[in-house]
Amino acid sequence: MQAIILAAGMGKRLKDLTEHNTKCMVEVNGVSLIDRMLHQLERRKLSRIVIVVGYEGEKLMRYIDSLGIRTPVVYVKNPIFDKTNNIYSLALAKEYLCREDTLLLESDLIFDDAVIDTLLSDPRETLALVDKYESWMDGTCVKLGEDDSIQVFVPGKKFVFDECREYYKTVNLYKFSREFSLNYYVPFLDAYSKALGNNEYYEQVLRVLTMLDEPPIKAKRLDGQKWYEIDDVQDLDIASSLFAEDDKRYFVTRDRKGGYWRYPKMIDFTNASNPFYPPSQMLDELKANTETLVGNDPSGDDTSDLLAAKNFSIRKEQIVVGNGLTELIRSLKENQEEPILTLSNPDEISGNYISKENMKQLIQWTKEKEILMLVDESSVDYADEADASLLTPDMLKENPHLFVAKDLSKSFGIPGLRLGVLASGDISTMKRIKQDMPKWRINSFAEFYLQIAEKYKGDYADSLCRFREERARFTGKLARIDGVQVVSSQSDFIIFALQKRTGLSSDEMVKQLLQKDNLLVCDYSEVIGDKEASLIKAAIRSPEDNDRLVAALEWELSLEDRQ
């Protein structure tokens, strides 16, 4: 078996990184894409590696020759790379396609060895490697039959987002048998190029072949093996953390603080949110209004505050809406001469909860002492006590020194909208904060959410019941793991300790969970500054996600016992 690598493209979307270098010479964590790929192929003991070069071809060939690759490397030059697409590059190498079985790769890929081994170990001779479509992916997709037949190729221009759950993304890594290339692919390639020209993609030929009565190619589905396609600087940034060294990957991934929807199949247990809300009908309503919301400015601050006031049954003068909580709390504390007692309930560090009756006593005490009180109750709706919130008309009216903050992103499962509120009966202070905020504080999507939220109050109440049930179930499953001790919580997360006898620290465990299981949890010992505590913090997610974490912990701890 041989390999053919297509490396003639200019990589314009990588901007200055490819101004004088080919795309495959771009480095991920100090190693170029082509260096990594060639050494992976070297270990498969292939007969040759054919590389089609074009843009900066001479420089690329000199660079590859310096890498010490023992497998014979053959270069095919595309002199008109700037006027053609990859169908022409592959056509230039068709002579080699017809000689023997071939691995076909594009040079802008980075992948673990398991990806290529999955393809090579399959006994079927001609395969297209595919992976379940995720929102970070771009390019050609396919729909598959139960027997792995490719029912249809879906180029980017014909992508239907309503059908994306049925799609698989082509990984741009293929296995062609010699007979397939000789009898099917190359003849169709010649005919296709002659009819439609050379500014096309080689996948178009595969698309035609899948229309035959008995298509000679099938799909090979990946199942969690790690890969990434690098087209722009953001892809490069993501790949740098995805493929970081084992002892560094946790830290570089954690420090991103979010955007994990671009990480293939990773489950984020570091950022808490309501997994049971919004309901699907509400999401459908948001989707149905996307065109309007994208094309129009949001309303000014008066309307935003009015909508928030309506949702909490208070006056608009008593509430201010912001893009999250940080800017609202900062504005409150600036130019404030009185002392402010600040606390979160449930506590954001431990998950401990103070009952509403005890909170009322504390509010009364601060009132008598003439101390302002700021309560962050972003997670109070998750507490077991019913009607625990202080954000009520009577509470604000009777206690003008009280300020209640709520991060709706956490409570209502809408972190992407970055929506927070601050409420108080101190109208003069609230007026100052409003004046301190921008005229447009939230975007149109967040405003529309506030507009429609009231009619989904029943769904929200149901979601809280489901959340409490799942927290209890998740806590129980964690507590039954030998070597794990759970700290009770009434918040949206659970803290648990690894007992010393397990021989694993929290630092080691979080790294293993990310590297082996693609689960991102928080090393809480590092957060609180006590590495000996061996504490891990995990947000409560869906039952399926929580069970994955439980299973991974059981496996890691049983593995330690076996050793």
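Preceding block: the structure.
Residues numbered from 1 in each chain as written. Predicted model: local features only at pLDDT ≥ 70, side-chain atom pairs only at ≥ 80, totals over all residues. Heavy atoms only, no water.

**Student:** So what about the pairing of strand β15 (residues 319-322)? Which residues, and what values?
**Tutor:** The alternating pattern of β15 places I319 and V321 and V320 and G322 on opposite faces, both of which are buried. Where β15 meets strand β19 (residues 420-424), four bridges bridge the pair, whose relative direction is antiparallel. Looking at β19, one finds that G322 is bridged to G420. (Buried < 20%, exposed > 50% of the residue type's maximum accessible area, 1.4 Å probe, protein only. Helix = DSSP H or I, 4+ residues; strand = E, 2+ residues; numbered from the N terminus. Pairing = 2+ DSSP bridges.)

**Student:** I'd like a rundown of the pattern of salt bridges, residues and numbers included.
**Tutor:** As enumerated under the stated definition, the model contains 45 salt bridges in all. Residues R124 and D122 are paired through a salt bridge, measuring 2.9 Å at the closest nitrogen-oxygen approach. Judged by its relative accessible area of 28%, R124 falls in the partly exposed class. Judged by its relative accessible area of 8%, D122 is buried. Residue R441 pairs with D305 through a salt bridge whose shortest N-O separation is 2.7 Å. Of the two residues, R441 sits in the loop between α17 (427-436) and α18 (444-452) while D305 sits in helix α12 (residues 301-312), which places them 136 residues apart along the sequence. Three or more residues joined by partner-sharing salt bridges are found here, namely D122, R124, D148, K220 and R221. (Salt bridge = Lys/Arg side-chain N within 4 Å of Asp/Glu carboxyl O.)

**Student:** Run through the pairing of strand β10 (residues 150-154), naming residues and quoting values.
**Tutor:** Bridge analysis of strand β9 (residues 141-144) against β10 gives four bridges, and the strand direction is antiparallel. Its bridge partner being in β10, K143 is matched across the sheet by V152. Linking β9 to β10, which pair antiparallel, is a turn of five residues; within it D148 sits at a positive phi near 70 degrees.

**Student:** Residue-level account of unusual backbone geometry, with values.
**Tutor:** Across residues other than glycine, the phi torsion is negative in most instances, and most of the peptide bonds are trans. Note the cis peptide between Y277 and P278, where omega equals 5 degrees. Counting through the fold element by element, P278 comes out in the loop between β14 (267-268) and α10 (280-288). Going from N345 to P346, the amide bond is cis rather than trans, its omega being 0 degrees. Here the phi dihedral of N172 falls at roughly 65 degrees; this positive angle occurs in a residue that is not glycine. Residue placement: N172 occurs in strand β11 (residues 167-176). Phi at K265 takes a positive value of approximately 60 degrees, unusual for a residue other than glycine. By the secondary structure assignment, K265 is in the loop between α9 (246-254) and β14. Taking the relative accessible area as the measure of exposure, K265 reaches 31% and is therefore partly exposed.

**Student:** Could you give an account of a nonpolar patch on the surface, with specific residues and numbers?
**Tutor:** Taken together, the side chains of I349, V527 and I528 present a nonpolar region at the surface, about 250 Å² in accessible area. Considering the arrangement of structural elements, one finds I528 in helix α21 (residues 524-528). (Patch = residues over 30% accessible without salt bridge, like charges linked within 9 Å, V, L, I, M, F, W, Y side chains within 5 Å. Areas by Shrake-Rupley, 256 points an atom, 1.4 Å probe, with all protein chains shown as cover.)

**Student:** Talk me through α9; I want residue IDs and the actual numbers.
**Tutor:** The complete set of buried residues in α9 reads R249, Y250 and T253. Buried residues in α9, looked at end-on, bunch into an arc of 95 degrees, giving them a common side. Along its buried surface, α9 packs onto α8 (233-242), α20 (506-517), β22 (519-520) and β23 (522-523). (Arc of directions from axis to C-beta. Contact = heavy atoms within 4.5 Å.)

**Student:** I'd like to hear about the sheet that holds strand β17 (residues 372-376), residue by residue, with values.
**Tutor:** Pairing in this open sheet of five strands is mixed, and the strands run β15-β19-β18-β17-β16 from one edge to the other. Two strands in the sheet have a free side with no partner beyond their single neighbour: β15 and β16 (340-344). Averaged over all adjacent pairs, the angle separating strand axes in this sheet is 15 degrees, with direction ignored. (Axes fitted to C-alpha atoms, helices over the stretch in contact; angles between N-to-C directions.)

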